[in-house]
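Here's the letter readout for the chains.
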Amino acid sequence: MQAWKSGDDSDLSELNRRILGAAKEVIESEIDETMSDYEYCVDVVSVVLQILLKASMMFSLLVIHPRQSALHADLQKGVT
């Protein structure tokens, strides 16, 4: 939240920086100042779900997938 509010993401890890960037993209593309309160609330829920989906995909690609690839390579070599 501090990085979001301040605009300074220098203290974030690469994963968190990418998640923050994805969140900014989704919010900027979905939230409009001319929306009614109802539209705003519905879109906020949609935005949160999109952010969570993007964050989970990034986590999978950046954290889980490389570990699985390394484990797969070790198994191929017969290393346990």
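How each quantity is defined
Residues numbered from 1 in each chain as written. Predicted model: local features only at pLDDT ≥ 70, side-chain atom pairs only at ≥ 80, totals over all residues. Heavy atoms only, no water. Helix = DSSP H or I, 4+ residues; strand = E, 2+ residues; numbered from the N terminus. Buried < 20%, exposed > 50% of the residue type's maximum accessible area, 1.4 Å probe, protein only. Contact = heavy atoms within 4.5 Å. Areas by Shrake-Rupley, 256 points an atom, 1.4 Å probe, with all protein chains shown as cover. Salt bridge = Lys/Arg side-chain N within 4 Å of Asp/Glu carboxyl O. pLDDT = per-residue confidence, 0-100.

I would appreciate a short explanation of the overall build of the chain in the present structure.
Along the chain, the regular secondary structure elements total 3 helices and 0 strands. From first element to last, N terminus to C terminus, the chain shows the α and β order α-α-α. Split into buried and exposed, the 80 residues of the chain put 16% on the buried side. For the chain, restricting intrachain contacts to residue pairs at least 6 apart in sequence, the fraction spanning at least 24 positions comes to 42%. Total accessible area computed for the chain in this model is approximately 6,400 Å², and 58% of it derives from carbon and sulfur atoms.

I tried to follow the pattern of salt bridges on my own but got confused; where do I start?
Between side chains of opposite charge, pairing is possible as soon as their charged atoms come close. Counting across every chain of the model gives 4 salt bridges. Aspartate 9 is the partner of arginine 17 in a salt bridge, and the nearest nitrogen-oxygen pair spans 3.7 Å. The partner of arginine 18 in a salt bridge is glutamate 14, with the nearest N and O atoms 3.7 Å apart. With a gap of 4 residues between them, arginine 18 and glutamate 14 both fall in helix H2 (residues 14-30), about one helical turn apart.

Before we go on, may I ask you to explain the environment of arginine 17 in this structure?
Take arginine 17: it is sitting in helix H2. Judged by its relative accessible area of 28%, arginine 17 falls in the partly exposed class. Once you skip the residues sitting within four places of it in the chain, arginine 17 turns out to touch Asp9, Ser10 and Leu12.

Sorry if this is basic, but what is going on with the confidence of the model for the chain here?
Regions with low pLDDT should not have their predicted coordinates read in detail. In the predicted model, the chain carries a mean pLDDT of 78, and the fraction of residues at 70 or more is 79%. At the level of individual helices and strands, the chain shows its lowest average pLDDT in helix H3 (residues 37-77), which scores 76, and its highest in H2, which scores 82.

Please explain the environment of valine 26 as it appears in this structure.
Considering the arrangement of structural elements, one finds valine 26 in helix H2. Between the C-alpha atoms of valine 26 and valine 48, which are 22 residues apart in sequence, the distance is 8.8 Å. Look past the residues within four positions of valine 26 in its chain and what remains in contact with it is Val47, Gln50, Ile51 and Lys54.

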